[in-house]
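# Chains, contacts and geometry: an overview
Below are the chains, spelled out letter by letter.
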Amino acid sequence: MSAGGAPGDVGRVSLRGIVKRHGTVTALHGVDLDIEPGEFFALLGPSGSGKTTTLRILAGLEPLSSGRVLLDGSDVTDREPGERDVAMVFQSYALYPHMTVYDNIAFPLRMVATPGVDADRAVREAAALVHIDHLLARRPGQLSGGQQQRCALARAIVRKPRLFLLDEPLSNLDAKLRLETRVELRKLQRALGVTTVYVTHDQEEAMTIADRVAVFMEGRVAQVGRPQDIFAKPASAVVAGFIGSPPMNLLPAEVRAGALRVVGADLRLNRPLGADGLVTLGVRPAALRIAPTGIPARVYLIEDLGDTTIVDLDVGGQIVKLRTDQRPDVREGDNVHVAFAECHLFERDSGARRGE
Amino acid sequence: MSASNLVSARRLRTALLVAVAALLLAVWAFPVIWALLTSFKTERDVLAYPPTVIFEPTLSNYRDVMFGSASLLPNLLSSTIVAGVSTLLTLLFAVPAAYALARLDLPGKRASGFYVLATQMLPPVGLIIPYYLMLQKIGGLDTYGGLIVIYLTFSLPFAIWLMVSYFEDIPREMEEAALLDRAGRLRALWYVILPQVRGGIAVTTIFVFLNAWNEFLFAVVLGGNRVRPVTVAMFNFISVEQTLWAKLAAGAMLAMAPVILLGLLAQRHIVKGLTVGAVKGGGRT
Amino acid sequence: MAVTGSAIRSESGRRERRFALLLFAPALIALAVSTTVPLVYLAWTSLMRIDLSMPFLSGFAGVDNYVKMGGDPRFWNSLWLTLAYTASTVVLQVALGLSLALLVLRIPRGQAALRIAAILPIVLAPVVVGLFWRTLVLSPDVGLVDVVTRSLGLGSHNWLGDPQLALISVIAIHTWQWTPFAFLVLLASLSSLPPDVFEAARIDRASAWQRFRHITLPLIRPAIVIVVIMRTMVALSAFAAIFAATGGGPGTATEILNLYAYRTSFSELNLGYGAALAMVLLAITLAVSFVMFRVRTKR
């Protein structure tokens, strides 16, 4: 198994108008996605947003109500999961508990009658790639969480599929392991070059390892793009309120007579405000600072995280978070003002972004 | 209440509890132990009053029961064949059926499930009359084939319900992973699912065998001189004139030896099976 | 151009359903043949007059058998006995089993031995249990029980031969054999209760009886219901133990409905009437199970 894996244009995914209904509930309202070969593509969203359903439809594990699934140009919507040349790592890993690690990894090869010698080589290569080659004789029950996850990965890799599907593979690991494994996953994918679709609810995870991200909200794709683009220009207030740690602060505001009215303060900004009307103001915690003038606020709580500080401020009854590297000279209960260097504006009713 | 009073009150309570528990142990275990003792006595010793605990043990009863004119050995053979084969057949039919009910998109699943449950409700005495008449017509009375097939009636629904609960315990992703690994449904069942319900199959086998071995009504009505399980042969030792006590005890011990052994060896399995069967509904024992 | 959902369900869905049917069919056929067909036959037989002792009288009889049943005192006797037998054994089993389980909970070390003792009665064949009791336990003078009563000065009794005592004896036999079942199931249920709920109750100053009534009982209610349902079904169709112990006698003192049906069919060779009796038993069993399942699913 060489690094470089699948040739350059294999593993192109197209989802066209995927609708999924469950009785009277609509889980997916028409999903369209195009994924390039070799891409690490994340499906990000809160629970129930439809990202896992979309993944399972891609795998062929769930029927859809309407729409098409295309892999490398051919329509696979009707094809069985085993016939799509797709490998999946489940959130629970779904390792076969009665088989050794070796047999688990070898299983997909056995199922297509791969000759023993070739299979053995492939299994050992896959195991070595994820560093579990010393555990081949053990059973899943004897492995740690991280080792089980690698075993599931090896089972997926060994078949050299044209598409990897990962369903929240890191959510069962503890925080430290999650961070380490995240990096390894990314490097592994780069080495193998296989198109990967990755489902997660952890926006930090998606933003750091994916080439592109599709943000799911309530069964719809709210935005697709590179992580830095989504971060810089969230397409809607909902997306904006989901991305970032801590996420963007959202405040009700109004554009009137060329000024932005927020919590009783009129602000004149260095950016076009658009037409008069109700809007939502979005400001990143890192863009806020304590200033002599600006929006009135009261310090509610100071969270000292060591190298950064998060200040929770009460702005007109709503909690707004400010993030800074230098500990500001304030105490809880102080009345202050906050200003910001840059901001985002969204329509109040539709949530759509107001351009600039 | 002083501290020492509290301690002694608690000790008294524990002693009382232990005493009651011991009494219960006696009530349940004693009759079997008594039967065992009796089987080693001579007929005369048995009828002695007050009953003797110390006596001259003899193996004559067992000798008669095994090798005498009314030997139980052919009956043991009958029981083994009938119980063994019907258990095997039951498993063969019930395990796949339970999988279909538990995990697959079986058309008419709810109705089928209900039907299986309903067949367990039928009182056996209601079935033996038609069985008797039907078997008589086709010459199936007093045959192994006839009895074995009839035994399926009560074993199948029970086995299906037990296995359904075991199948339901396996995470759904097992099949999904196997399907993605290109196993197909049949191989997924064989290579991935079945090995994981091995324990359940063992428990089901035990219960089905136990029930079949202990069956009496069907055996006595539908069997005859050729096919005569031990449960029926027990009556050899009781007639209008006399009861051959010690021989009866020996015969009963012999007849029940397999199931007692099974019970002792597989106690944990049995207890687990009872509670599983109880939770998921249905069961003949 | 969108492909509709029904098209997607086509191939893999069809394959799965076909596979499921293939797996289920043998069992279904076996069950259908061995239960539905005989049931129809039984119903038909109950409408006939089949008297193997007087074959010349056989023929279609319509509902005669059922009409006759209405005025048959032996039938009403058997109905009453069935009710008494079923009710008392089930109540006794649950009460005794529960008390025992509660007791044993406090003695962690005795549990293993008690489990073995509990399994013994359950694995024995009911017919053997009936014979045991008939001979070794309940025989006048020499049986265990009589030995005890004699030594206690309560005299000797004909436990199975005395019509007044026979029913009690038979109930005792059934209860003896099956209480361990209730015991084991309830013990498992009690052991699975989370201890923190009880600790919270203790802190809230609930007495032992209050804890039992308001926490324990409601939590093990499902298990009790299951036990009651299963034991009732078994009691309604109990046959071998009574047959071995008394044969339904003395006279008809222990002749519960299914024994009456059996005797009518195979001792008196009146298969038509026996079939009708069996049909009535079937109806009762179905009615009772229906009611019980309703109770169970109501919560």
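Residues numbered from 1 in each chain as written. Chains lettered and ligands numbered in written order. Predicted model: local features only at pLDDT ≥ 70, side-chain atom pairs only at ≥ 80, totals over all residues.

## Some thoughts on the overall build of chain B
Heads up, the rule is: Only DSSP runs of H or I covering at least 4 residues are called helices, and only runs of E covering at least 2 are called strands; the numbering of each starts at the N terminus. It is over C-alpha atoms that the radius of gyration is taken, and the globule rule equals 2.2 Å times the number of residues to the power 0.38. Counting other C-beta atoms within 10 Å of each residue's C-beta, where C-beta atoms are placed from the backbone, gives the exposure class: buried for 20 or more, exposed for 12 or fewer, partly exposed between. A pair of residues counts as a contact when their C-beta atoms, built from backbone coordinates, are within 7 Å of each other.
If you tally the helices and strands in chain B, you get 14 helices and 0 strands. Along its sequence from the N terminus, chain B presents helices and strands in the succession α-α-α-α-α-α-α-α-α-α-α-α-α-α. What you see for chain B is a C-alpha radius of gyration of 24 Å, clearly larger than the 19 Å of a compact globule of 285 residues, by over 25%. Projected onto its principal axes, the C-alpha positions of chain B cover 75 × 75 × 30 Å. Buried positions account for 49% of the 285 residues belonging to chain B. Intrachain contacts of chain B at a sequence separation of at least 6 include 78% that bridge at least 24 residues.

## Looking at the environment of Gly38(A)
Residue and element names in this part refer to chain A. Mapped onto the fold, Gly38 is located in the loop between β2 (25-35) and β3 (40-44). Residue classification places Gly38 among the buried positions, given that 21 C-beta atoms sit within 10 Å. With 172 residues separating them in the primary sequence, Gly38 and Ala210 have C-alpha atoms 11 Å apart. Apart from the residues lying within four places of it in its own chain, the contact partners of Gly38 are Gly11, Gly193 and Thr195.

## Thoughts on the domain arrangement of chain A
All names here are of chain A. Note the following rule: Boundary definitions for the domains trace back to an automatic or database domain assignment.
Looking at chain A, the domain boundaries give domain 1 (13-238) and domain 2 (239-347). Once you take the C-alpha centre of each, domain 1 and domain 2 turn out to be 38 Å apart. Taken together, the contact pairs 12 residues of domain 1 with 11 residues of domain 2. At the level of secondary structure, the elements contributing two or more residues to the side of domain 1 that touches domain 2 comprise α6 (203-209), β10 (220-225), α7 (227-232) and α8 (237-240).

## What about helix α9 (residues 184-193) of chain B?
The condition is simple: It is the directions from the helix axis to the C-beta atoms whose arc is reported.
Taken together, the buried positions of α9(B) are Arg185(B), Ala188(B), Leu189(B) and Val192(B). All buried residues of α9(B) project into a common sector of 115 degrees when viewed along the axis, lining one side.

## Points about the pairing of strand β11 (residues 249-256) of chain A
Residues and elements named next belong to chain A. The test is simple: By this definition, two strands are paired if DSSP reports at least two bridges between them.
Note that β11 and strand β14 (residues 277-283) share 7 bridges and pair antiparallel. If you follow Val255 over to β14, its bridge partner there is Gly277. When β11 meets strand β12 (residues 259-262), the two strands line up antiparallel, connected through 3 bridges. Paired with Glu254 across the strands is Arg261, a residue of β12. Turn length for the β11-β12 hairpin, with the two strands adjacent in sequence and antiparallel, is 2 residues, and the turn residue Ala257 shows positive phi of about 50 degrees.

## Side note on the domain arrangement of chain B
Residues and elements named next belong to chain B. One can read the domain layout of chain B as domain 1 (3-63) and domain 2 (70-280). Using only C-alpha atoms to locate each centre, domain 1 and domain 2 end up separated by 33 Å. Listed as interface residues are 10 residues of domain 1 and, on the opposing side, 8 residues of domain 2. Residue assignment for the side of domain 1 that touches domain 2 shows that the elements contributing at least two residues are α1 (3-38), α2 (43-46) and α3 (60-67). Broken down by element, the residue count for the side of domain 1 that touches domain 2 peaks at 3 residues, all from α1.

## Details of the pairing of strand β7 (residues 163-167) of chain A
Residue and element names in this part refer to chain A. Among the 5 residues in β7, 5 count as buried, and that is most of the element. The two faces of β7 match: Leu163, Leu165 and Asp167 on one face and Phe164 and Leu166 on the other face are all buried. Relative to β7, strand β6 (residues 86-89) is paired through 4 bridges, and the arrangement is parallel. Along β7, the bridge assignment pairs Ala87 with Phe164.

## Topic: the interface of chain C and chain B
Rule in force here: When residues are sorted by character, Ala, Val, Leu, Ile, Met, Phe, Trp, Tyr, Cys and Pro go into the nonpolar class, Asp, Glu, Lys and Arg into the charged class, and all the rest, Gly among them, into the polar class.
Counting residues at the interface gives 78 residues for chain C and 78 residues for chain B. The residue makeup of the side of chain C that touches chain B, split by class, is 61 nonpolar, 12 polar and 5 charged.

## Digging into the packing of helix α7 (residues 144-168) of chain B against helix α10 (residues 198-214) of chain B
All names here are of chain B. The condition is simple: Whenever a helix is involved, its axis is fitted only over the stretch in contact; in every case the axis is a line through C-alpha atoms, and angles between N-to-C directions fall within 0 to 180 degrees. Oblique is the label for any angle not covered by the other classes, which are roughly parallel (under 35 degrees), roughly antiparallel (over 145) and roughly perpendicular (65 to 115). What makes a crossing left-handed is the near helix being turned counterclockwise from the far one by less than a right angle; a clockwise turn instead makes it right-handed.
Across the interface, α7 lies against α10 with an axial gap of 10 Å and an inter-helix angle of 160 degrees. Relative to α10, the element α7 lies roughly antiparallel. Handedness of the crossing formed by α7 with α10: right-handed. Counting all contacts with α7, which are made through Tyr151, Phe154, Ser155, Ala159, Leu162, Met163 and Tyr166, the residues of α10 involved are Gly200, Val203, Thr204, Phe207, Val208, Asn211 and Ala212. In the contact of α7 with α10, the residues fall into 10 nonpolar, 4 polar and no charged.

## So, unusual backbone geometry
Trans is the prevailing form of peptide bonds, just as negative phi is the prevailing case for residues other than glycine. The residue after Ser245(A), namely Pro246(A), is reached through a cis peptide bond having omega -10 degrees. Residue placement: Pro246(A) occurs in the loop between α8 and β11. Look at Asp142(B): it is not a glycine, yet its phi comes out positive at around 60 degrees. By the element assignment, Asp142(B) lies in the loop between α6 (124-138) and α7.

## Thoughts on the sheet that holds strand β15 (residues 288-291) of chain A
Residues and elements named next belong to chain A. Taken in spatial order, the 5 strands of this open sheet run β15-β19-β16-β17-β18, and their pairing is antiparallel. Here the strands that pair on one side only, and so sit at the sheet edges, are β15 and β18 (318-324). Across the sheet, the mean angle separating the axes of adjacent strands is 50 degrees when strand polarity is ignored. Pairing geometry for strand β17 (residues 309-315) and β18, over 7 bridges, is antiparallel. Each residue of the ladder has a partner; that of Asp314, found in β18, is Ile319.

## Some thoughts on the sheet that holds β7(A)
All names here are of chain A. Across the sheet, 6 strands lie side by side as β6-β7-β8-β3-β9-β10; this open sheet has mixed pairing. Unpaired on one side and paired on the other, β6 and β10 mark the two borders of the sheet. Strand-to-strand twist in this sheet, taken as the mean axis angle between neighbours without regard to direction, amounts to 20 degrees. Two strands pair when backbone bridges link them, and β7 and strand β8 (residues 195-200) are joined in this way by 5 bridges, in the parallel orientation. Across the sheet, Phe164 pairs through a bridge with Thr196, a residue of β8.

## Examining the packing of helix α5 (residues 111-123) of chain C against helix α8 (residues 163-191) of chain C
All names here are of chain C. Remark: α5 packs on α8, axes separated minimally by 8 Å, with the N-to-C direction vectors making an angle of 130 degrees. Classed by the angle they form, the pair α5 and α8 counts as oblique. The crossing of α5 and α8 is left-handed. Between α5, through Ala118, Ile119, Pro121 and Ile122, and α8, the contact on the second element is made entirely by Trp176, Gln177, Pro180, Phe181, Phe183 and Leu184. Of the residues that constitute the contact of α5 with α8, the class distribution is 9 nonpolar, 1 polar and no charged.

## Digging into the nonpolar core
The nonpolar side chains of a soluble globular protein tend to be buried, and buried together. Let me state the cut-off plainly: Here a nonpolar core is just a set of buried residues of the types Ala, Val, Leu, Ile, Met, Phe, Trp, Tyr and Cys, joined wherever their C-beta atoms sit within 7 Å.
Residues Ala98(B), Ile160(B), Ala252(B) and Val128(C) are the most contacted members of the largest nonpolar core, which totals 275 residues. Among the elements that line this core, the one with the most residues is α7(B), at 16 residues. Apart from residues no more than four positions distant in its own chain, Ile160(B) is found in contact with Ala94(B), Ala97(B), Ala98(B), Leu101(B), Val116(B) and Ala27(C).

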